[in-house]
Amino acid sequence: MLRLEKRPNPSRFWIYGTPFLAVALTMIAGGIMFALLGKDPVAAIKLIFLDPLFNGDVASYSRPQILVKAAPLVLISIGLSLGFRAGVWNIGAEGQYVMGAIFGAATGLAFYPTESRLVFPLMVLAGAFGGFIWAMIPAILKTRFRTSEILVSLLLVYVAKQILASAALSFLKNPEGAGFPGSRNLAQIPAMANGELIAGTGLHWGGVAAFLAVGAAYVLLQRHILGFQIKLAGQAPRAARFAGVNPDRLVVLCMGLSGALAGLAGLFEVTGPAGQITIDFGVGYGFTAIIVAFLGRLNPLGILFAGLLMALTYIGGELAQFMLGLPAAAIQAFQGMLLFFLLAVDLLSNYRVRLIGWGAR
Amino acid sequence: MERRNVLKGGAALGLSLALGPKAVLAAGKPKVGFILVGPKNDNGWSQHHYEAIKKAEEKFGDAVEIVVQESVPEGADAERVMSQMALSGAGLIFATSFGYMDAVQNVAAKFPKVMFEHATGYKSSANSATYNARFYEGRAVCGHIAGKMTKTNKIGYIGSFPIPEVIQGINSSYIHAHKANPKVEISVVWISAWFDPAKEADATKALLDQGCDVVLSHTDSTAPLATLKTAGAYGFGQSADMAEFAPKPRLSSIIDNWAPYYEERIKAIVDGTWKTQNIWYGIKEKMVVIGEISDAVPPDVKAEAEKIRDSIADGSYHPFQGPLNKQDGSVWVKEGEKPDDGTLLGLNFYVEGIKGAIPS
């Protein structure tokens, strides 16, 4: 029999070492998987991790794309990490991301055709509000009726996707689109477009917001009383209550903040890289952000690097797909391994495995 | 992709890294890229494109390098994948789903020397063409069979999204089922997905519960046929032949036959004769193929269905030939006339006799 025993003092080295070990293990296991698929594992791993950065043909394009892909992941993850630290499990960031995009796009399109420079800031506010409101549903149901925020927030993703489909097919449908689903292309309307801020970097307002969020979260957790309360509530809920932390207030705050950030990510995506409200606008950033949050150890700087790494595996994964003919599912499995190994290695750094039974006491 | 191509690809990649981009271009072998919206083994839309790609690959052999990427989400991701394909040397890129439309236009503007082909869209430019199939022609044949085969006089239709292509299909199915059997009614269930086996199966069950005994689907998986098989009802292959479900429940099928078009257009790139165009091919050009009508269909019905097919092919019959009224009873197409393609491509209403509203 195996038994897990909590280590009294987990090694500090391994707390920071586990993400690297997890990446290394993913490369090994992923390499074996690629080899079993009949592909050269070294070439595949190289394509995924190095070519987006250094391949002479594509790197000048894919390097900025890493920032484009990482921006929403980091922005959402930062919000989620605050809740996760406090033991508030917002699993529905994907829904909040979608609602932020819908609210923001609807606000902008209500003023169409406008050339006012005020409309974009207004859309940003509306986007944050959309995500916030969507996150308030599970938050208030939790504080009032003690429902599980995990289930409610997750299920609301599917509601949001229905609203998204309905927006693309009806109330936000492009009236000049010949009856096809999808809104006007916001990226082609100057007053509403979230374009590249510095040419060739891939940095758009979403990237700026992500960097700001990383900085703000860092300060919050290190210096602010609220950050202390968040950490305390997660590590020792009873102690937190004695210390005067109101758990309901914390739920509302963490859900609201993560919802607003996810909404912002959606708004920046719909006005920039995606351009349109379409039925398939939600491509899973909200779920991937959960992996990013844990990969980054719920630490703001860690999340920044984890987001960039995750974006790299996406873009490299695409290269590996069409250059080596790897199936898309293999890339998804590869990304899944990353979280699996991280959690597994984490467990081993926090717990000791003991053999018991058969007389070996 | 075959393993030997992979090795070759790997070698070419190694070479390109060692010598830089020019070395690849110097090889002079045209490279053609495809992006698929679903997995290449989805048993429907994407698989059928993929099979056509394989045929083209066989035909051109070593003369052309073909790269494929499956499960590419529409929007920003599609734009990136196509850009990376263009940068890695592709001279012609096929985007095989409607939702890639704006992405194709953006990438085509960025890479004027790369040619693009977009399936089922309506935007084109000097270096981007569109191609589409007249699926509604196939629906006319299947609709006729459905009208004759139903015993409950209720046929079902699983719709993906209420876009013109699907509404054409519903109208065409109903018009021909109704001509075959004036008592027929049609029920439509919308599932808001192109490929979702679980939802497709549920929709089929819901239609069966309403008393439908023939169900047409405008989605990609084989789930409706699998569900119809256990219930003893009838259906049709969609996108692919789905012959494994013949003779029952699959009575016939509407096959998307892209291979000849792909071969023609790749050849045009090889020959340097590629020009932009907007293609909407049907049964006549064999882009829409009616799968074999199974033995479960009585010989006289089979003959009638084949007659519809052949008369569409020779142009003597149009599935939306007048007189036709709109759902509200007003005249849509007058006696002896037929709607133009522009009207069909923007179709957003049901014809007279179909109950219910198009979701909006």
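Peer 1: What exactly am I supposed to notice about the overall build of chain A here?
Peer 2: The helix and strand tally for chain A stands at 14 helices and two strands. Seen along its three principal axes, the alpha-carbon backbone of chain A occupies a region of about 80 × 55 × 35 Å.

Peer 1: I keep staring at the overall build of chain B and nothing clicks. Help me out?
Peer 2: Along its length, chain B carries twelve helices and 14 strands. Against the globule reference of 21 Å for 360 residues, chain B gives a C-alpha radius of gyration of 22 Å, in line with a compact fold. Within chain B, the proportion of its 360 residues that are buried is 55%. Once local pairs closer than 6 in sequence are excluded, the contacts in chain B between residues at least 24 apart make up 64%.

Peer 1: Please clarify how the packing of helix α5 (residues 93-110) of chain A against helix α7 (residues 149-171) of chain A should be interpreted in this entry.
Peer 2: Pairs of packed helices are described in terms of their axes, by the angle between the two and the distance that separates them. All names here are of chain A. Two elements in contact, α5 and α7, have axes whose closest approach is 8 Å; the angle formed by their N-to-C orientations is 25°. Taken together, α5 and α7 sit at an angle that is classed as roughly parallel. Remark: the crossing between α5 and α7 carries left-handed chirality. Across the interface between the two elements, E94, G95, V98, M99 and I102 of α5 pack against L156, V157, V159, A160, K161, I163, L164 and A167 of α7. Per-class residue counts for the contact of α5 with α7 are ten nonpolar, one polar and two charged.

Peer 1: Quick question: what am I supposed to make of the environment of B:Y281 here?
Peer 2: All names here are of chain B. Position of Y281 relative to the elements: it lies in strand β11 (residues 278-281). Considering only alpha carbons, one finds Y281 and Q210, 71 residues apart in sequence, at a separation of 35 Å. The residues contacting Y281, other than those within four sequence positions of it, are A133, R134 and M287.

Peer 1: Honestly, the interface of chain A and chain B in this entry has me stumped. Any pointers?
Peer 2: For interface size, the figure often reported is the accessible area lost on association. On the chain B side, the residues contacting the 37 residues of chain A number 43 residues. Elements that contribute at least two residues to the side of chain A that touches chain B include exactly α4 (59-86), α7 and α13 (300-324) of chain A. The leading source of residues in the side of chain A that touches chain B is α13(A), at six residues. Among the residues forming the side of chain A that touches chain B, the class breakdown is 19 nonpolar, 13 polar and five charged.

Peer 1: Would you take a moment to explain the nonpolar core for this structure?
Peer 2: General note: in soluble globular proteins, nonpolar side chains tend to be found buried as a group. Residues A:L75 and A:I76 are the most contacted members of the largest nonpolar core, which totals 218 residues. Not counting chain neighbours up to four residues away, the residues in contact with A:I76 comprise A:A93, A:Y97, A:L261, A:A262, A:A265, A:Y285, A:G286 and A:A289.

Peer 1: Got a minute to help me understand the domain arrangement of chain B in this structure?
Peer 2: All names here are of chain B. For chain B, the assigned domains read domain 1 (3-133) and domain 2 (136-255 + 288-345). If you average the C-alpha positions of domain 1 and of domain 2, the two centres end up 32 Å apart. Each partner contributes residues to the interface: domain 1 has ten residues there, and domain 2 has eleven residues. Ranked by the residues each element gives to the side of domain 1 that touches domain 2, the list is headed by helix α3 (residues 45-60), at three residues. Partitioning the side of domain 1 that touches domain 2 into residue classes produces three nonpolar, six polar and one charged.

Peer 1: What am I meant to see in the sheet that holds strand β5 (residues 128-133) of chain B here?
Peer 2: Two pairing modes exist for strands in a sheet, parallel and antiparallel, and in both the strands are linked by backbone hydrogen bonds. Across the sheet, which stays open at both edges, the six strands sit in the order β2-β1-β3-β4-β5-β11 (chain B) with parallel pairing between neighbours. Two strands bound the open sheet, and with one partner strand each, they are β2 (65-69) and β11 of chain B. For this sheet, the mean inter-axis angle between neighbouring strands, taken without regard to orientation, is 15°. Bridge count between β5(B) and β11(B): four bridges; the pairing is parallel. Considered in β11(B), the bridge of B:N132 is made with B:W280. Along the sheet face, α13(A) touches β1 (31-35) and β2 of chain B and points at about 140° away from the line of β2(B).

Peer 1: Can you help me understand the packing of helix α1 (residues 12-36) of chain A against helix α14 (residues 328-350) of chain A in this one?
Peer 2: Residue and element names in this part refer to chain A. Where α1 meets α14, the axes come as close as 8 Å, and the angle between the chain directions of the two elements is 140°. Taken together, the axes of α1 and α14 lie oblique to each other. Considering how the two elements wind past one another, α1 and α14 form a crossing that is right-handed. Looking at side-chain class alone, the contact of α1 with α14 contains 18 nonpolar, four polar and one charged residues.

Peer 1: Mind showing me how you'd approach the environment of B:Q69 here?
Peer 2: Here B:Q69 shows up in strand β2. Each C-alpha atom of the pair B:Q69 and B:P39 lies 9.0 Å from the other, and the pair is 30 residues apart in sequence. With near-sequence residues (within four places) excluded, B:Q69 lies in contact with A:E318, A:Q321, A:F322, B:I35, B:L36 and B:V81.

Peer 1: Where do I start with unusual backbone geometry in this structure?
Peer 2: Excluding glycine, residues mostly carry a negative phi; peptide bonds, for their part, are mostly trans. The omega torsion of the bond from A:Y112 to A:P113 falls at -5°, within 30 degrees of zero and hence cis. Counting through the fold element by element, A:P113 comes out in the loop between α5 and α6 (119-145). Cis geometry marks the peptide bond from B:K248 to B:P249; its omega dihedral reads 5°. Positive phi, normally seen in glycine, also occurs at B:N153, with a value near 60°. By the secondary structure assignment, B:N153 is in the loop between α6 (135-149) and β6 (154-159). B:N153 sits in the partly exposed class, given 16 other C-beta atoms within 10 Å. Positive phi, close to 55°, is recorded for B:M242, a residue that is not glycine. Tracing the sequence through the fold places B:M242 in the loop between β9 (234-239) and β10 (250-256).

Peer 1: Would you mind showing me how to read the sheet that holds β10(B) here?
Peer 2: All names here are of chain B. Strand order across the open sheet formed by six strands is β7-β6-β8-β9-β10-β12, with mixed pairing between neighbours. Taken across any chain shown, the strands that pair with only one partner, and hence form the sheet edges, are β7 (185-190) and β12 (288-290). Adjacent strand axes in the sheet meet at a mean angle of 15° when their direction is disregarded. The pairing of β6 with β7 spans six bridges and is parallel. Among the inter-strand pairings, I155 is bridged to a residue of β7, identified as I186. Contacts between helix α7 (residues 164-180) and the sheet are confined to β6, β7 and β8 (214-217), with β6 contributing the most and set at about 170° to the helix.

Peer 1: Is there a simple way to think about the confidence of the model for chain B in this case?
Peer 2: Low-pLDDT portions of the prediction should not be read for the details of their coordinates. Residue and element names in this part refer to chain B. When pLDDT is averaged across chain B, the result is 88; 92% of the residues are at 70 or more. A low-confidence stretch, residues 1-26 stays under pLDDT 50, and its non-local contacts, those more than four residues away or across chains, total 25 contacts. Model confidence for the complex is summarised by a pTM of 0.79, with the ipTM given as 0.76.

Peer 1: Sorry, what's going on with the pairing of β6(B) here?
Peer 2: Side-chain direction in a regular strand flips from residue to residue, so the side chains alternate between the two faces of the sheet. Residue and element names in this part refer to chain B. The element β6 is largely enclosed, with a buried count of five among its six residues. Following the backbone out of β6, through α7 and into the adjacent parallel β7, one traces a crossover that is right-handed. The pairing of β6 with β8 spans four bridges and is classified as parallel. What sits directly across from Y157, in β8, is L216.

Peer 1: It is not clear to me how α7(A) should be interpreted in this structure. Could you clarify?
Peer 2: Count 3.6 residues to each turn of an α-helix, and residues three or four apart come out pointing the same way. Restricting attention to buried positions, one finds in α7(A) the residues A:E149, A:S153, A:L156, A:V157, A:A160, A:L164, A:A165, A:A167, A:A168 and A:L169. Along its buried surface, α7(A) packs onto α5, α6 and α11 (247-271) of chain A.

Peer 1: Sorry, what's going on with α6(B) here?
Peer 2: Taking 1.5 Å of rise per residue, 15 residues should cover 21 Å, and α6(B) covers 21 Å from first to last C-alpha, within 8% of that figure. With 15 of 15 residues buried, α6(B) lies mostly within the body of the structure.

Rules used in this analysis
- Residues numbered from 1 in each chain as written.
- Chains lettered and ligands numbered in written order.
- Predicted model: local features only at pLDDT ≥ 70, side-chain atom pairs only at ≥ 80, totals over all residues.
- Helix = DSSP H or I, 4+ residues; strand = E, 2+ residues; numbered from the N terminus.
- Rg over C-alpha atoms; globule rule 2.2 N^0.38 Å.
- Buried ≥ 20, exposed ≤ 12 C-beta atoms within 10 Å, placed from the backbone.
- Contact = placed C-beta atoms within 7 Å.
- Axes fitted to C-alpha atoms, helices over the stretch in contact; angles between N-to-C directions.
- Parallel < 35°, antiparallel > 145°, perpendicular 65-115°, else oblique.
- Left-handed = near helix turned anticlockwise from the far one by under 90°.
- Nonpolar A, V, L, I, M, F, W, Y, C, P; charged D, E, K, R; others polar.
- Core = buried A, V, L, I, M, F, W, Y, C linked by C-beta atoms within 7 Å.
- Domains from an automatic or database assignment.
- Pairing = 2+ DSSP bridges.
- pLDDT = per-residue confidence, 0-100.
- Right-handed = clockwise from strand over helix to strand, strands pointing away.
- Expected span 1.5 Å × (residues − 1).

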